[in-house]
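# Coordinate inspection notes
One letter stands for each residue in the lines below.
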2 protein chains.
Amino acid sequence: MTREDAQGLDLADPLARFRDAFDLPSGVIYLDGNSLGPPPLSAHERLERVSRREWGEGLVRSWNSAHWIEAPQRVGGKIARLIGAQANEVAVADATSVNLFKLAAGALSLRPGRTTILSETGNFPTDLYALQGLVALLGDRARLKTVAPEDLVAAIDADTAVVVLTHIHYKSARRWDLPALTAAAHAKGALMLWDLCHTAGAVAVDLNAAQADLAVGCGYKYLNGGPGAPAFLFVAECHQAAIVSPLWGWMGHAEPFAFEDGYRPASDIRGLITGTPPILGLAALEAGLDLQLEADPALVEAKGLALANLFIARVEAAAADPALGLAGPRDAAARGLHVSFTHPEGYAIVQAMMARGIVGDFRAPDIARFGFSPLFLSYAEVWDAARALADILAARAWDRPEFRVRAAVT
Amino acid sequence: MTREDAQGLDLADPLARFRDAFDLPSGVIYLDGNSLGPPPLSAHERLERVSRREWGEGLVRSWNSAHWIEAPQRVGGKIARLIGAQANEVAVADATSVNLFKLAAGALSLRPGRTTILSETGNFPTDLYALQGLVALLGDRARLKTVAPEDLVAAIDADTAVVVLTHIHYKSARRWDLPALTAAAHAKGALMLWDLCHTAGAVAVDLNAAQADLAVGCGYKYLNGGPGAPAFLFVAECHQAAIVSPLWGWMGHAEPFAFEDGYRPASDIRGLITGTPPILGLAALEAGLDLQLEADPALVEAKGLALANLFIARVEAAAADPALGLAGPRDAAARGLHVSFTHPEGYAIVQAMMARGIVGDFRAPDIARFGFSPLFLSYAEVWDAARALADILAARAWDRPEFRVRAAVT
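Calculation criteria
Residues numbered from 1 in each chain as written. Chains lettered and ligands numbered in written order. Predicted model: local features only at pLDDT ≥ 70, side-chain atom pairs only at ≥ 80, totals over all residues. Helix = DSSP H or I, 4+ residues; strand = E, 2+ residues; numbered from the N terminus. Rg over C-alpha atoms; globule rule 2.2 N^0.38 Å. Buried ≥ 20, exposed ≤ 12 C-beta atoms within 10 Å, placed from the backbone. Contact = placed C-beta atoms within 7 Å. Axes fitted to C-alpha atoms, helices over the stretch in contact; angles between N-to-C directions. Parallel < 35°, antiparallel > 145°, perpendicular 65-115°, else oblique. Nonpolar A, V, L, I, M, F, W, Y, C, P; charged D, E, K, R; others polar. Pairing = 2+ DSSP bridges. Domains from an automatic or database assignment. Least-squares fit on C-alpha atoms with pLDDT ≥ 70 in both. Core = buried A, V, L, I, M, F, W, Y, C linked by C-beta atoms within 7 Å. Arc of directions from axis to C-beta. Expected span 1.5 Å × (residues − 1). Bend = angle between axes of the 7 residues up to and from the residue. pLDDT = per-residue confidence, 0-100. Left-handed = near helix turned anticlockwise from the far one by under 90°.

### Thoughts on the overall build of chain A
From N to C terminus, chain A includes 13 helices and 13 strands. Compactness check: chain A gives a C-alpha radius of gyration of 22 Å against a globular reference of 22 Å for 410 residues, within 12% of the reference. Structurally, chain A occupies a C-alpha span of about 70 × 55 × 40 Å along its principal axes. Counting only residues that meet the buried cut, chain A has 58% of its 410 residues in that class. The contacts of chain A with a sequence gap of at least 6 include a subset with a gap of at least 24, amounting to 72%.

### Re the packing of helix α1 (residues 3-11) of chain B against helix α13 (residues 379-394) of chain B
Packed helices, taken two at a time, are described by the angle their axes make and the gap between the axes. Residues and elements named next belong to chain B. Running from amino to carboxyl end, α1 crosses α13 at an angle of 150 degrees, the nearest separation of the two axes being 7 Å. In terms of axis orientation, α1 runs roughly antiparallel to α13. Note on element contacts: α13 touches α1 through Y379, A380 and W383, opposite R3, A6, Q7, L9 and D10. Looking at side-chain class alone, the contact of α1 with α13 contains five nonpolar, one polar and two charged residues.

### A word on the interface of chain A and chain B
The interface is formed by 74 residues belonging to chain A together with 74 residues belonging to chain B. If you list the elements that add at least two residues to the side of chain A that touches chain B, you get α2 (41-58), α3 (62-65), α5 (96-110), α6 (125-138), α10 (279-292) and β12 (361-363) of chain A. Sorting elements by how many residues they give to the side of chain A that touches chain B places α2(A) first, with nine residues. Classifying every residue of the side of chain A that touches chain B by side-chain character gives 42 nonpolar, 21 polar and eleven charged.

### As for the sheet that holds strand β7 (residues 214-217) of chain B
Residues and elements named next belong to chain B. Strand order across the open sheet formed by seven strands is β2-β8-β7-β6-β5-β3-β4, with mixed pairing between neighbours. In the strand order of this sheet, the two ends are held by β2 (90-92) and β4 (143-147), each with one partner. With direction set aside, neighbouring strand axes in the sheet form an average angle of 20 degrees. Sheet analysis places β7 next to strand β8 (residues 232-235), joined by four bridges and oriented antiparallel. Across the sheet, A215 pairs through a bridge with F234, a residue of β8. Contacts from helix α5 (residues 96-110) reach β3 (116-120), β5 (160-166), β6 (191-195), β7 and β8, with the element oriented near 170 degrees to β7.

### Focus: the domain arrangement of chain A
All names here are of chain A. As far as domains go, chain A holds domain 1 (3-30 + 296-404) and domain 2 (45-292). Those elements that provide at least two residues to the side of domain 1 that touches domain 2 are α11 (297-318) and β10 (338-342). It is α11 that provides the largest number of residues to the side of domain 1 that touches domain 2, a total of five residues.

### Comments concerning the relation of the copies chain A and chain B
Between chain A and chain B, the superposition needs a rotation of 180 degrees and an axial shift of 0.0 Å, giving an RMSD of 0.0 Å. Taken together, the turn and the small shift mark the pair as related by a two-fold rotation axis. Take the interface residues of chain A: 100% of them recur as interface residues in chain B, which is what a same-surface contact looks like.

### Looking at the environment of A:D213
All names here are of chain A. Following the sequence through the fold, D213 ends up in the loop between β6 (191-195) and β7 (214-217). The class for D213 is buried, based on 27 C-beta atoms found within 10 Å. Contacts of D213, omitting those with residues within four sequence positions, involve L191, M192, L193, A236 and H239.

### Digging into the environment of A:A87
All names here are of chain A. By secondary structure assignment, the location of A87 is in the loop between α4 (71-83) and β2 (90-92). Counting along the chain gives 138 residues from A87 to G225, while the straight-line C-alpha distance between them is 19 Å. Setting aside residues no more than four positions away along its own chain, A87 makes contact with G77 and A80.

### What to know about the environment of A:A142
Residues and elements named next belong to chain A. Along the chain, A142 turns up in the loop between α6 and β4 (143-147). For A142, a count of 21 C-beta atoms within 10 Å puts it in the buried group. Considering only alpha carbons, one finds A142 and A161, 19 residues apart in sequence, at a separation of 9.2 Å. Leaving out residues up to four positions away in the same chain, A142 has contacts with L108, T115, I117, L134 and V135.

### A word on the nonpolar core
Ranked by internal contacts, the top residues of the largest apolar core, which has 279 residues, are A:A104, A:L193, B:A104 and B:L193. Not counting residues up to four positions away in its chain, the partners in contact with B:A104 are B:I117, B:L131, B:L134, B:V162, B:V164 and B:L193.

### Focus on the sheet that holds strand β10 (residues 338-342) of chain B
Residues and elements named next belong to chain B. A sheet is described by the order of its strands in space; here four strands give the open sequence β9-β10-β13-β12, paired in antiparallel fashion. Across the chains shown, the open sheet's two edge strands, defined by having one partner strand only, are β9 (325-326) and β12 (361-363). Bridge count for β9 against β10 is two bridges, and the pairing is antiparallel. Looking across to β10, one finds that L326 is bridged to F341.

### As for helix α8 (residues 178-187) of chain A
An α-helical turn contains 3.6 residues, so a residue and the one three or four places further along point in the same direction. Residues and elements named next belong to chain A. Within the span of α8, buried status applies to L178, L181, T182 and A185. The buried side chains of α8 occupy one side of the element, clustering within an arc of 100 degrees when seen end-on. Facing away from the buried side of α8 by more than 90 degrees, the exposed set consists of A180 and A187. Looking at the buried positions of α8, the neighbouring elements they touch are β5 (160-166) and β6. Directly after α8, the chain includes G189, whose backbone phi takes a positive value near 80 degrees.

### Thoughts on helix α2 (residues 41-58) of chain B
Compared with an ideal rise of 1.5 Å per residue, which puts 18 residues at 26 Å, α2(B) spans 24 Å between its outermost C-alpha atoms and is within 8% of the ideal. Maximum bend of α2(B): about 30 degrees, positioned at B:V50. Of the positions making up α2(B), those classed as buried are B:A43, B:R46, B:L47, B:V50, B:S51, B:E54, B:W55 and B:G56. Each element contacted by the buried residues of α2(B) is listed here: α2 of chain A together with α3 (62-65) and α10 (279-292) of chain B.

### Comments concerning the confidence of the model for chain A
Here chain A averages 97 in pLDDT, and 100% of its residues register 70 or above. Reported confidences for the modelled complex are a pTM of 0.98 and an ipTM of 0.98.

### Some remarks on unusual backbone geometry
Apart from glycine, the bulk of residues carry a negative phi angle, and the bulk of peptide bonds sit in the trans form. All names here are of chain A. The residue after A364, namely P365, is reached through a cis peptide bond having omega 5 degrees. By the element assignment, P365 lies in the loop between β12 and β13 (367-371). The backbone of A173 shows a phi angle near 70 degrees, a positive value even though the residue is not glycine. Looking at the element boundaries, A173 is found in the loop between β5 and α8. Using a count of 27 C-beta atoms within 10 Å as the deciding quantity, one classes A173 as buried. One non-glycine residue, N224, lies in the positive phi region at around 55 degrees. For N224, the location among the structural elements is in the loop between β7 and β8 (232-235).

### Section: the packing of helix α11 (residues 297-318) of chain B against α13(B)
All names here are of chain B. Running from amino to carboxyl end, α11 crosses α13 at an angle of 30 degrees, the nearest separation of the two axes being 9 Å. The angle between α11 and α13 places the two elements in the roughly parallel class. Our pair here, α11 against α13, has a crossing hand that is right-handed. Facing L307, L310, F311, R314, V315 and A318 of α11, the residues of α13 in contact are Y379, V382, W383, A385, A386, R387, L389 and A390. For the contact of α11 with α13, the class distribution of residues is twelve nonpolar, no polar and two charged.

### Looking at the pairing of β8(B)
All names here are of chain B. Side chains of β8 alternate between two faces, with F232 and F234 and L233 and V235 buried alike. Across three bridges, the pairing between β2 and β8 is antiparallel. Counted as the bridge partner of V92 is F232 from β8.

### Considering the pairing of β7(B)
A regular strand carries its side chains on alternate faces of the sheet. All names here are of chain B. Burial along β7 is two-sided: the residues L214 and V216 and A215 and G217 are all buried. Here β6 runs beside β7; their pairing, made up of three bridges, is parallel. Paired with L193 across the strands is L214, a residue of β7.

Take a look at the structure:
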């Protein structure tokens, strides 16, 4: 494929118009939307409106007049449309790790007598940490078992309360078969809790069709919700009345403004909310979602995979460095929207790319990771990025001391 | 005191200049800064800079270049100066209820063998809910005991792991003697956990002088940090190495970007952080703090109490309604910066005030609550507000059907 071919794909791209809706600096090819999505222009405007008009003019009255109090459910309802859930099954609250703690504990409450939380080794660390923290707190009432992915289905047993998996792996982009794994968990009477951090806004999923029980995800990757955007949680309607959250707070109370001494959880998704909603973060996230919802999810996924495939093909065709390896599945159907290459000099390679205006990221110990957000990237940009990576490898352009200086965030 | 006297106090007020630093609508007397502080003008500017420049131009690189990754500790260090803590003892993270859960569980980890969490009946509900949720999760390893405030000191015993109190009561504004209660807890070997939601930015406290162990608080009241601003937590340095948080996440890991499978908590205040920092919320909160830190905390408290005293005196002098009662202490030294009156028609009275541009709030079942934020209120405004309340009571101006329509948030 020539660069002209890539430009031809851009001309025919039904999602091309979305690029103009984002605020992206010139001279940058942004292959890190899977770490932090860029701002929709509407997010700037939305934040200004919330700050100046709703907060400044409306003051505390905006909890009612600007519908702040409903924001966790309203914004959650928009995420629901992207993940195959009902509007009343998703709320936005807290951070992903906190929500994972809530739903893993909630899963134990739904499966009394079972003690095992099952996950995979090498899952995104914060997911494992949240689960480790929960079992450390619960003592002998719960245990965390982690097994290699290929051993996972066989490890589900009669003691398994919940299986916790990240749908798309943060390093390899390997995609679990969501319906199949959910069915495998159910076959043993276990619940299924999905982490959709690299899924929502990227890859089409249908939680209800798969009869998934629980899910969490973040707002700042493909949903373009802003740095540290609040996270979301999904609880299937059939579980909402019975699930017990471990984190009780006034926003989860059946009547928050009755100010009762005793907690009575709301019997709907609100029961999983804890503290006061983070309105500024919710506002930016809602702007990202409103934009995302204008795009056909099937087209989003197809373009993202096409971009990723183009990148892999061009890098492998041009790069003569035998130290470079594709970290994830070659089969696009088994992959999410990012591509990871292993290389002993992965960190320096990412810095050398950055010096050319191409932003990817590094994941220890040796992974150079590039994300292909379909709403703002063009085929020509990806062609150029692949060419740059091949050039850097061929010329060993990464081999400079300044590219080895580690930053706090890698 | 005449209105001219009040204007005279404004002319001599060393904090008067701060009013111009806030974005407040004309025609409003805002007596609800204790529920949601108004925006500093600098918060609008800060949010625009973070959104357009740091997020838009810097993209993911801003985690390093704009120092986002350090924000929880940097902003926490600014709060520390307002509450008598060291910079390394405070972090900003999550919601108050979540932080209370973390620190109450952490207190149990610091007092093995003790099982009682002691608090007062009528404490702010979300505090009780967070504690109820924790003990429900822990089963027989912990119990929550609540007693009337006058019985609290006597109830501290050898099984008490931690005493959890709100320094200034959300309804009555009653102020606990923070050093005395902390000493009483220590005398029985218990830890002291303070909720400083109505304290920080309002009333001068010195946690280190009192040898307080733990504290939490919110950012959206007197700190003017924005709707649903992230909360803070304080852990005395002497406890940081030993305390075990129940909410483990990558931001609390000793090396977050090592991406290890096993959790190793940071041994400093970072060990109490869980998920990715909410950068937009942190930015607005930091603007509020930077403004607050320009003011002398002793002057802030003195003016707030003087405003509250003026309000009480003027209302009581003018109001002939025997159904009106002062809910909190008459002695200013035993009070925070808000004033609550009980009245069977409290809700309608607050609405009638609102119709005249005077914003207070209602707390069930019968409390009309008015907050006296010292940085943006004038004595003349408070004089006018008291006059309006007296007029409304005298004329029974609250007795209209539209003032009885309950909003979602009261």
